Amino acid sequence: MEKLLFVYNADSGLLSGLKDLLHKNISPHTYACRLCAVTYNNFGMLSDWREFWQDLGKPVEFLHRDELAQQYGLKDVSLPAAFIYCETSGIQLWLDADAMNRCQTLDDLKELVQKNLPQKKT
């Protein structure tokens, strides 16, 4: 079964999260993760985004860049990005950083995902 992996251009952990929150609020135009910028507010993940990805019909996982390196061995990858993971074929880039960084709004991201959503194999 395929799984969609969305990877933030940020590290995991409480201190990293607080640093990112401050950066997004103080200087949002210089914040390096559009995925986080359009899917989160100061209180957590936006419910519109949560409902959207839960309705995609595929398992979805969210990772930070350090978790991507630890779990899948991928380093030096331009982020944010999204990948498709399949146990038989491994991990493949699905939505690259350029595409993700062009998303200025949540609606832009949802449209990008919907247009590029992998179809079920028959």
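Bear in mind that the values here come from a model prediction, so they are computed numbers and not experimental data.

S.K.: Looking at this structure, I do not really get the sheet that holds strand S6 (residues 90–95). What am I missing?
M.R.: Sheets are built from strands paired through backbone hydrogen bonds, the pairs being either parallel or antiparallel. Spatially, the four strands line up as an open sheet ordered S4-S1-S5-S6, and their pairing is mixed. The open sheet has two edge strands, strand S4 (60–64) and S6, and neither has a second partner. Sheet twist, expressed as the average angle between the axes of neighbouring strands with direction ignored, equals 30°. Both strand S5 (residues 81–86) and S6 contribute to a ladder of five bridges, which runs antiparallel. The partner of Ile 84 across the bridge, within S6, is Gln 92. The strands that helix H4 (residues 65–72) touches are strand S1 (2–8), S4, S5 and S6; relative to S4, the one it contacts most, it runs at about 110°.

S.K.: For this particular structure, what's the right way to read the nonpolar core?
M.R.: The nonpolar side chains of a soluble globular protein tend to be buried, and buried together. In terms of nonpolar packing, the biggest core is built from 27 residues, with Phe 6, Trp 49, Trp 94, Leu 109 and Val 113 touching the most fellow members. Secondary-structure elements contributing two or more residues to this core are S1, helix H2 (34–39), helix H3 (47–54), S4, S5, S6, helix H5 (97–101) and helix H6 (106–116). With four residues, the single largest contributor to this core is H6. Trp 49 has contacts with Phe 6, Leu 35, Thr 39, Phe 62, Leu 106, Leu 109, Lys 110 and Val 113, leaving out every residue within four places of it along the chain.

Parameters and conventions
- Residues numbered from 1 in each chain as written.
- Predicted model: local features only at pLDDT ≥ 70, side-chain atom pairs only at ≥ 80, totals over all residues.
- Heavy atoms only, no water.
- Pairing = 2+ DSSP bridges.
- Helix = DSSP H or I, 4+ residues; strand = E, 2+ residues; numbered from the N terminus.
- Axes fitted to C-alpha atoms, helices over the stretch in contact; angles between N-to-C directions.
- Contact = heavy atoms within 4.5 Å.
- Core = buried A, V, L, I, M, F, W, Y, C linked by side-chain atoms within 4.5 Å.
- Buried < 20%, exposed > 50% of the residue type's maximum accessible area, 1.4 Å probe, protein only.

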